[in-house]
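Breakdown of the fold
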Amino acid sequence: MGCAPSIHVSQSGVIYCRDSDESSSPHQTTTISQGAATLHGLFVKSDAADSIPAVLAYQSRQPPPCSGPRRREPRAPRCCGIEAETQTSSGSLKQASATEVQIGPMRLTQDPVQVLLIFAKEDNQSDGFWWACNRAGYRCNIARTPESALECFLDKHQEIIVIDHRNSRYFDAEDICRSIRATKPSEHTVILAVVPRTSADQEEISVLPLLNAGFDRRFMENSSITACYNELIQIEHGEVRSQFKLRACNAVFAALEHCQEAIEITSEDHVIQYVNPAFEQMMGYHKGELIGKELSELPKSDKNRADLSDMINTCIKKGREWQGVYYARKKSGDIIQQHVKITPVIGQGGKIRHFVSLKRLHCTNENNKQLCKSHRDENYAGDNSHSESHSFKCKNRRKDSVDVKSITSQSSDAPSLQTRRHSSMARIHSMTIEAPITKVINIINAAQENSPITVAEALDRVLEILRTTELYSPQLGTKDEDPHTSDLVGGLMTDGLRRLSGNEYVFSKNMNLSHSHLSVPNTISDVPPCIAQLLETEESWDFNIFELEAVTNKRPLVYLGLKVFGRFGVHEFLNCSEATLRAWLQVIEANYHSSNAYHNSTHAADVLHATAFFLGKEKVKGSLDHLDEVAALIAATIHDVDHPGRTNSFLCNAGSELAVLYNDTAVLESHHTALAFQLTAKDSKCNIFKNIDRNHYRTLRQAIIDMVLATEMTKHFEHVNKFVNSINKRMASEETSSHSEGSDCECTANLKNFPDNQTLIKRMMIKCADVANPCRPLELCIEWAGRISEEYFAQTDEEKRQGLPVVMPVFDRNTCSIPKSQISFIDYFITDMFDAWDAFAHLPVLMQHLANNYKHWKMLDELKCKSLRLPSENNN
């Protein structure tokens, strides 16, 4: 490149430049633009200018060198129907990948941006935008004349156009802009004007003339590639992205235009903004007669209730959907009955910006049936099969209970299939085994036959819900989908991503059966005075378990267990010695991990204390037998034994041995119960079950297993809802009738007579005991919140180290808001469950603590405090 370049003119008048030390192969030649070209920084005039093409397609070009002249090499595809001058290099252009864009529920793919540069002459500014396009991965074209610019735009529909507005000597930039704006494709194009830089003493020029000409933005002359790049990137992420979303709205409007339901969109002030053709057809109006009018201006029917409009407005103004039957007056004056659904649409600022109304003819009376038929005939003309199926649907709203004979008789070309299907259905209907849910569905299907359309459609929705597999698990609505709630639900109510990896999480195999090194009392009367004094208050809900943890050197379970088990006569029921019971408590506590911040023996002792407290409540005590009480106390003691301080989701994702053993289902809970019974049976000295009757043992074992498995959170809502429906509602009904008859004691007796009810009560009791932290006195609640947060932080740290999926991303110790996590946990899991438990067991102290603690977390959250206390309280 050190030698001087030579210049050649071909017979066609195209000027070429070659370095003298290079071969004359075509791919090493540079083609000159129309009229003038830059050759190592020089402009060269040519008489052959008219024959040089006016559009340059920049599709691949090496980035500019740090110093020295720029070199361009040609290639010759066509652009926009004109023989384009192109510039090719051995390097390839950095192509931007397609971008995923979300607009409401729609997911779109945006192709790389196309840019059209309109510059009469090449200079540093056009080069700056050129290389900026290269850096951003955009597809770029350059036009030299207004005509070629317009032709190229009509062919490519570029998203960004940059027009040189610095000098009117070659073309009028504003005229070019107006001519482009006059075309349909320019509706979604951003046009940028490059204007000369003004000196500091000059007054700023108004942008209004540019805006009036059709420009969207102004760019002050700056040939820096970075400045040009920044401008283009801002346009892409701003106007271009917005225009792309607006273009996608055309698909939505196309769907609305072809929708068979009448649709009306109004503003928050009930001004009509849009109606679709189905609405025009139903109401007899043309959209031009409706758009811009207030709903109050249209004729009304006097068949509606006088207060119906007020009732609808009250409902939708609160952001709630309304649906029901409404009488409307057509343009002709006829009254039609409609099934209407009005949905508020929340916009900027969280305010209601639109109301969307879906309207269907309500086919109940003869007049409306005729209209329905007419409406269908018009909509489905030319499609007989579609019309027939729609007619059948309108006559019989049942979606899933159609007559088998009517279906099989419609086709005559498959008699054997008909026969088989008919006989199969006959066998199904003749079966004597029928699940309760099948009976419910059959009752609903029968009820739909002669129901009004609104009732039939409501029952359709009921059937859809009943046919899902997760009947008791609520679905988070958009308003609930904050990250803390989502992470808690995902972390606690799922078993992870079921993805095995090489990073296996292994439990400790060291089952600690030895207890000789532990100094425990021979009887409860032998405990040290400081511990005995603390245990005097263990029957109070405000008992401080952390003080017991401190004075027992992190072994509160043995001491509290001896006291509680003695109070409930456990060793008498089990026919075992107090020494055996003491040894068993020692072995169980030794297999809790004291290194865990939360799931240690202090948590087990806390759950045992809560269970004993609940068992002391009159309604609970009257509903359960002595065996149930013993099972509940044992279940509380063992419910988290050998817990690793990690969630089920973590173990499943890590491919732990236990996750494989238990098929990723209730992994920890299954392990706790299995290990507890294994530890108990392993040594006769601690086998508390060795002297009880076999039948009693099996009943007791089943009850213990059932309660521990109930602490697994994936079934949380199932247990709570079953308790509410089977216990709370039945008890409320019976109490109402017993009060009217003057009897108050039958409700508890009825519960005790049904083992299934006792099972629900025991499940609910241990569940509430397991997560009672938010209902403890504030200081205890704060301590538990800190401990569980630390355990979740440690899990997140380990997931990141091992490259596992992060189950609860919000529990990052650097960013987590503990108050928000507590608020989400209380809102989603605690409030409803303890409301139901309180309604049964009557627990005013707990509910008062819960209200006070919730206020504490709310206050911290409102003050943007992410810690357990205010900084001033921490300092104190």
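Because the structure is predicted, anything quoted here is derived from the model rather than measured.

**Observations concerning the nonpolar core**
In terms of nonpolar packing, the biggest core is built from 113 residues, with Leu574, Trp584, Phe614, Ile634, Ile704 and Trp837 touching the most fellow members. Here this core takes 13 residues from helix H32 (residues 818-841), the largest share from any one element. Excluding residues within four positions of it along the chain, isoleucine 634 makes contact with Phe565, Leu574, Trp584, Ile688, Phe689 and Ile704.

**Regarding the pattern of salt bridges**
Applying the stated criterion to the full structure yields 31 salt bridges. Here glutamate 718 and lysine 722 are joined by a salt bridge, their closest N and O atoms 2.9 Å apart. Placement of the pair is glutamate 718 and lysine 722 together in helix H28 (residues 716-741), with a separation of 4 residues, close to one helical turn. A single salt-bridge network, built from bridges that share partners, covers Asp123, Asp164, Arg166 and Glu221.

**A closer look at helix H30 (residues 755-770)**
Count 3.6 residues to each turn of an α-helix, and residues three or four apart come out pointing the same way. The terminal C-alpha atoms of H30, which comprises 16 residues, lie 23 Å apart, in line with the 22 Å expected from a rise of 1.5 Å per residue. Counted residue by residue, H30 has 13 buried out of 16 residues, so it is predominantly covered.

**Examining the packing of helix H18 (residues 556-567) against helix H20 (residues 578-590)**
At their nearest, the axes of H18 and H20 sit 9 Å apart, and the two run at 145° to each other. Of the two elements, H18 crosses H20, and the hand of that crossing is right-handed. Residues Pro556, Leu557, Val558, Gly561, Leu562 and Phe565 of H18 lie in contact with H20, whose contacting residues are Leu581, Arg582, Trp584, Leu585, Gln586, Ile588 and Glu589. Looking at the contact of H18 with H20, its residues break down into 9 nonpolar, 2 polar and 2 charged.

**Looking at the sheet that holds strand S22 (residues 352-361)**
Spatially, S19-S18-S22-S21-S20 is the arrangement adopted by the 5 strands of the open sheet, whose pairing is antiparallel. Only two strands of the sheet have a single neighbouring strand rather than two, namely strand S19 (272-275) and strand S20 (322-329). This sheet shows a mean twist of 30° between the axes of neighbouring strands, independent of strand direction. For S20 and strand S21 (residues 335-346), the ladder comprises 8 bridges, and the chain directions are antiparallel.

**Topic: the confidence of the model for the protein chain**
Within the protein chain, residue pLDDT values average 78, and 71% of them lie at 70 or more. Per-element confidence in the protein chain ranges from a low mean pLDDT of 30 for strand S5 (residues 42-43) to a high of 98 for helix H21 (residues 601-615). Scored below 50 in pLDDT, residues 513-518 shows 9 contacts in the model against residues more than four places distant or in partner chains.

**Examining the packing of helix H27 (residues 694-710) against H30**
Closest axis-to-axis distance for the H27/H30 pair is 8 Å, and the angle between their directions is 50°. Accordingly, the angle class assigned to the pair H27 and H30 is oblique. Handedness of the H27/H30 crossing: right-handed. Together, Ala703, Asp706, Met707 and Ala710 of H27 and Thr759, Lys762, Arg763, Ile766 and Lys767 of H30 make up the contact between the two elements. For the contact of H27 with H30, the class distribution of residues is 4 nonpolar, 1 polar and 4 charged.

**Description of the environment of glycine 616**
Inspection of the secondary structure assignment puts glycine 616 in the loop between H21 and helix H22 (618-623). Expressed as a C-alpha distance, the spacing of glycine 616 and alanine 841, which sit 225 residues apart in the sequence, is 9.7 Å.

**Points about a nonpolar patch on the surface**
Together, Val207, Leu208 and Leu211 make up an exposed nonpolar region whose accessible area comes to about 250 Å². Of note, leucine 208 is situated in helix H4 (residues 208-213).

**Focus on helix H33 (residues 844-862)**
With 19 residues, H33 extends 27 Å between its outermost C-alpha atoms, agreeing within 8% with the 27 Å of an ideal straight helix rising 1.5 Å per residue. Tucked into the core, H33 has its buried residues touching H21, helix H31 (778-802) and H32. Once H33 finishes, lysine 864 follows within two positions and takes phi at roughly 60°, a positive value.

Each value, and the rule that gives it
Residues numbered from 1 in each chain as written. Predicted model: local features only at pLDDT ≥ 70, side-chain atom pairs only at ≥ 80, totals over all residues. Heavy atoms only, no water. Core = buried A, V, L, I, M, F, W, Y, C linked by side-chain atoms within 4.5 Å. Buried < 20%, exposed > 50% of the residue type's maximum accessible area, 1.4 Å probe, protein only. Helix = DSSP H or I, 4+ residues; strand = E, 2+ residues; numbered from the N terminus. Contact = heavy atoms within 4.5 Å. Salt bridge = Lys/Arg side-chain N within 4 Å of Asp/Glu carboxyl O. Expected span 1.5 Å × (residues − 1). Axes fitted to C-alpha atoms, helices over the stretch in contact; angles between N-to-C directions. Left-handed = near helix turned anticlockwise from the far one by under 90°. Nonpolar A, V, L, I, M, F, W, Y, C, P; charged D, E, K, R; others polar. Pairing = 2+ DSSP bridges. pLDDT = per-residue confidence, 0-100. Parallel < 35°, antiparallel > 145°, perpendicular 65-115°, else oblique. Patch = residues over 30% accessible without salt bridge, like charges linked within 9 Å, V, L, I, M, F, W, Y side chains within 5 Å. Areas by Shrake-Rupley, 256 points an atom, 1.4 Å probe, with all protein chains shown as cover.

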